[in-house]
Amino acid sequence: MIIQGTNASADVRERADVVIVGTGSGGGTLGAYLAERGWDVVMVERGGFFRAEDFSQREEDAMADFNGRRGLDTTVDNAVFLNYAQAVGGSTVHYWGDSFRPPPDRLERWRAEHGLDWMTPAELDPHFEAIETELGIHVTPETLLNENNRLVREGCEKLGIEGAKPPTARVDCLGCGWTQFGCPYNAKTSQLITTIPRVSTGGGRVYSDARVDVLHIEDGRATGVEGELTARDSGEVRARFRIDADVVVLAGGALGTAELLLRNIEDDTVGRRFYINPHYFVWADFGRRIDNVSGIPCAYVVHEYRQVRTDERGRYAGGGYIMLSNHQSPGITAAMLSSVGADHTDRMKRWHQLGSVMSVIDEEHPGRIFVGKDGIRRTEYNVEGVDQLKAVDYLKQASRIFLAAGAEEVWVPDVYGTIIRTERDIDEIGVRSVQPNAQFCAGSHLMGTAPLGTNPADSFAGPTGEAHRVRGLYVADGAALPGSVSVDPSLTIMGVARWIAAGIHERHGRAGG
Ligand SMILES: Cc1cc2nc3c(=O)[nH]c(=O)nc-3n(C[C@H](O)[C@H](O)[C@H](O)COP(=O)(O)OP(=O)(O)OC[C@H]3O[C@@H](n4cnc5c(N)ncnc54)[C@H](O)[C@@H]3O)c2cc1C
């Protein structure tokens, strides 16, 4: 059953075997796993409940309906824009559906650095296989490549750069191109249409418009959550709810889980490592109409540079990112370009002839999340040190790829108006372009703020996902990952959440034993 808090007229109190805060990649996956094994599941979600018919294919509607802070969340210095959804289905309502398993070298690092011995392909692969089947994940078919995707591939092939079509989470996709604003055809297999119905039609209750603000902990054990049911449009409080449960799972995403913990528990491992995979965007004018909005946003990924290369003296020599072919709607594109006045108008008139890519930088310097003295949750994040060098390397390689594909101009959308027309111009790109606020930078892969690990001084939860210091309290979302995955993280989050769910089921038994 879906219970929409926006319609509430009285307080709610109920009991469940497990209560899950958040309904995205982590929460949805874990909830469906337990519900199908006989657990009485309650899920609480601060965002609204939207269906295919609510997705209007208008960017401003999506921003208002389910973008976190209405699409305007940034770090304290406004240098990094944070992109996530708040809705039943979490950020998967928004996401593009690229679905990678974590590279084995990254799992190896997490085993070595965080003691997560179970994070092996052998242990996780059965979970990935199950999720891939349930979500219909398959290699993007050729029919879903738009011209931008084909041009990125062409540039890579001409230069001998490694790339591939990504595995994608969709079934019978029409390629309308508006994935990011909610799929109006129920073809993108978000949690909204996959795991959530498996909970809500199997006896579980999913509350929307229900923001948890209190964690109940008694004698070192989590016993439930409490919060407000709010009107979707005005935010007015309609009623309060309290859910008591034997097991409490936090899956509010790296921001939501950290914020809730920071408000309820004294634990300085929370919020101090905030990974976002910085996204920088390069635009390329091909001087002719190219269709970059049909198909799916990212049907071609450049993998060549995922790993960092060093020179003989161990100094950074390139790499440390992947590149996604990218499309952005007109309003968002306008906000991303740093130009102003007539120049901006001229650039936007050329929107229909632009190709684009974005970076997923595998950062070494995470940011942090904290709650200010005024009670507002804030974030700090600086692209610094070697991460700046990775960003510059990406801007250069992206420019090369677009020039090879035949672009007339490549725009590095910095405040200096850098335009690349020839290979020689590429040398002009330097770190000044990636200083804070020198160009639009975003993060939509939010991770690491309540991480798993064996060392309680360095991790919030142990390897099983259970908090080191609170029994019966689990974390199972992007916050739980110990670092950046180096590729898009949703499938990793789902696989880890499913593994944690299997452990909860085994240890606590049905009905929370
Ligand atoms: C535009 C966009 C495109 C993306 N594309 C891709 C992609 O192609 N491939 C990929 O792998 N990843 C992609 N991602 C990232 C991916 O969607 C996220 O990494 C992933 O969904 C995070 O999962 P999660 O469970 O940590 O959190 P989320 O999926 O964000 O879910 C957390 C949920 O918890 C809720 N919540 C938070 N706090 C509370 C509270 N106190 N009370 C109640 N509810 C709460 C939130 O409202 C939210 O709905 C994309 C993200 C965006 C924004």
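Residues numbered from 1 in each chain as written. Predicted model: local features only at pLDDT ≥ 70, side-chain atom pairs only at ≥ 80, totals over all residues. Heavy atoms only, no water.

**Some points on unusual backbone geometry**
Convention followed: Under the DSSP-based scheme used, a helix requires at least four consecutive residues in state H or I and a strand at least two consecutive residues in state E, with every element numbered from the N terminus. Whether a residue is buried, partly exposed or exposed follows from its accessible area with a 1.4 Å probe, protein chains only, as a fraction of its type maximum: under 20%, in between, or over 50%, in that order.
Of note, Gln57 is a non-glycine position whose phi angle comes to about 65°, a positive value. Within the element layout of this structure, Gln57 appears in the loop between strand S3 (41-44) and helix H2 (59-66). Among the residues examined, Gln57 registers a relative accessible area of 28% and is labelled partly exposed. Despite not being glycine, Asp172 has its phi angle at roughly 55°, a positive value. Along the chain, the position of Asp172 falls in the loop between strand S7 (167-169) and helix H6 (195-200).

**A short note on the packing of helix H4 (residues 121-134) against helix H11 (residues 490-508)**
Heads up, the rule is: A fitted line through C-alpha atoms serves as each axis, taken over the contacting stretch for helices, and the angle formed by two N-to-C directions is quoted from 0 to 180°. An angle counts as roughly parallel when it lies under 35 degrees, as roughly antiparallel when it exceeds 145, as roughly perpendicular when it falls between 65 and 115, and as oblique in every other case. Crossing handedness is defined as follows: a turn of the near helix away from the far one that is anticlockwise and smaller than a right angle gives a left-handed crossing, while the clockwise case is right-handed. In what follows, residue pairs with any heavy atoms lying within 4.5 Å of each other are defined as contacts. Classes in brief: Ala, Val, Leu, Ile, Met, Phe, Trp, Tyr, Cys and Pro nonpolar; Asp, Glu, Lys and Arg charged; the others, Gly included, polar.
One can describe the packing of H4 onto H11 by two numbers: an axis separation of 9 Å at closest approach and a directional angle of 115°. It follows that H4 is roughly perpendicular to H11 by the angle criterion. Handedness of the H4/H11 crossing: right-handed. Contacts between H4 and H11 involve Glu123, Leu124, His127, Phe128, Ala130, Ile131, Glu132 and Glu134 on the former and, on the latter, Leu491, Thr492, Met494, Gly495, Val496, Arg498, Trp499 and Ala502. By residue class, the composition of the contact of H4 with H11 is 9 nonpolar, 3 polar and 4 charged.

**Structural notes on the packing of helix H1 (residues 25-35) against H11**
Following both chains from N to C, one finds H1 and H11 inclined at 35°, their axes separated by 8 Å at the closest point. Crossing angle aside, the handedness with which H1 passes H11 is right-handed. Contacts from Ser25, Gly26, Thr29, Leu30, Tyr33 and Leu34 in H1 reach Ser490, Ile493, Met494, Ala497, Arg498, Ile500, Ala501, Ala502, Ile504 and His505 in H11. Class assignment for the residues of the contact of H1 with H11 results in 10 nonpolar, 5 polar and 1 charged.

**Some points on the site of the ligand**
The criterion, for reference: Nearness is defined per residue: one heavy atom within 4 Å of the molecule or strand is enough. N or O atoms closer than or at 3.5 Å make up a polar contact, with two conditions inside protein: a donor-capable atom paired with an acceptor-capable one, and, for residues adjacent in sequence, both atoms drawn from side chains. Here the open area of atoms and residues is found with the Shrake-Rupley method and a 1.4 Å probe, where only the protein chains shown may cover a residue.
Around the ligand, 38 residues are found, and the nearest of them are Glu45, Ser91, Asp98, Gly478 and Ser490. A distance of 3.4 Å is found between a nitrogen atom of the ligand and a side-chain nitrogen or oxygen belonging to Asp488. Contact with the protein chains covers 96% of the free accessible surface of the ligand, which is 1000 Å². Elements with a minimum of two residues in the shell around the ligand: H1, strand S9 (210-218), helix H7 (253-264) and H11. Across the shell around the ligand, the residue classes break down as 12 nonpolar, 20 polar and 6 charged.

**Details of the environment of Glu53**
By the element assignment, Glu53 lies in the loop between S3 and H2. Note on Glu53: relative accessible area 64%, which makes it exposed. Spatially, the C-alpha atoms of Glu53 and Val212 are 28 Å apart, while their sequence positions differ by 159 residues.

**What about the pattern of salt bridges?**
Close approach of charged atoms lets side chains of opposite charge pair. Counted only if it meets this: By salt bridge we mean one thing: a side-chain nitrogen of Lys or Arg within 4 Å of a carboxyl oxygen of Asp or Glu.
Evaluation of the coordinates by the stated rule reveals 40 salt bridges. We note a salt bridge from Glu154 to Lys158, for which the minimum N-O separation is 3.3 Å. Of the two residues, Glu154 and Lys158 both sit in helix H5 (residues 147-159), 4 residues apart, roughly one turn of that helix. For Glu154, a relative accessible area of 33% corresponds to the partly exposed category. By relative accessible area, Lys158 is classed as exposed at 55%. Asp267 is the salt-bridge partner of Arg469, the closest N and O atoms lying 3.1 Å from each other. Residue Arg469 is located in the loop between strand S22 (441-443) and strand S23 (473-475), and its partner Asp267 is located in the loop between H7 and strand S12 (279-285); the two are separated by 202 residues in the primary sequence. By relative accessible area, which is 10% here, Asp267 ends up buried. Overlapping salt bridges bring together Arg69, Asp73, Glu259, Arg263 and Arg377 as one network.

**A few points about the side chain of Asp488**
Heads up, the condition is: Think of it this way: Lys and Arg go in the positive column, Asp and Glu in the negative one, and His and the chain ends go nowhere.
In this fold, Asp488 is placed in the loop between S23 and H11. Of the side chains with opposite charge, Arg170 lies nearest to the buried Asp488, which makes no salt bridge, at 10.0 Å. Aside from chain neighbours lying at most four places away, what touches Asp488 is Asp98, Phe100, Ile322, Leu324, Val360 and His445.

**Regarding the pairing of strand S10 (residues 221-230)**
Selection criterion: Strand pairing is assigned whenever DSSP identifies at least 2 bridges connecting the two strands.
The buried fraction of S10 amounts to 9 of the 10 residues, a majority that puts the element mostly inside the structure. Pairing geometry for S9 and S10, over 8 bridges, is antiparallel. Residue pairing in the sheet places Glu218 in a bridge with Arg221 of S10. Linkage of S9 to S10, two consecutive antiparallel strands, is achieved through a turn of 2 residues, within which Asp219 is found at a positive phi near 50°. Strand direction decides the pairing type here: S10 and strand S11 (residues 237-250), joined by 7 bridges, are antiparallel. The residue of S11 that forms the bridge with Gly227 is Phe241. Counting the residues between successive antiparallel strands, the hairpin from S10 to S11 contains 6 residues, one of them, Gly235, with a positive phi of roughly 80°.

Any functional reading would require information that these geometric values do not contain.
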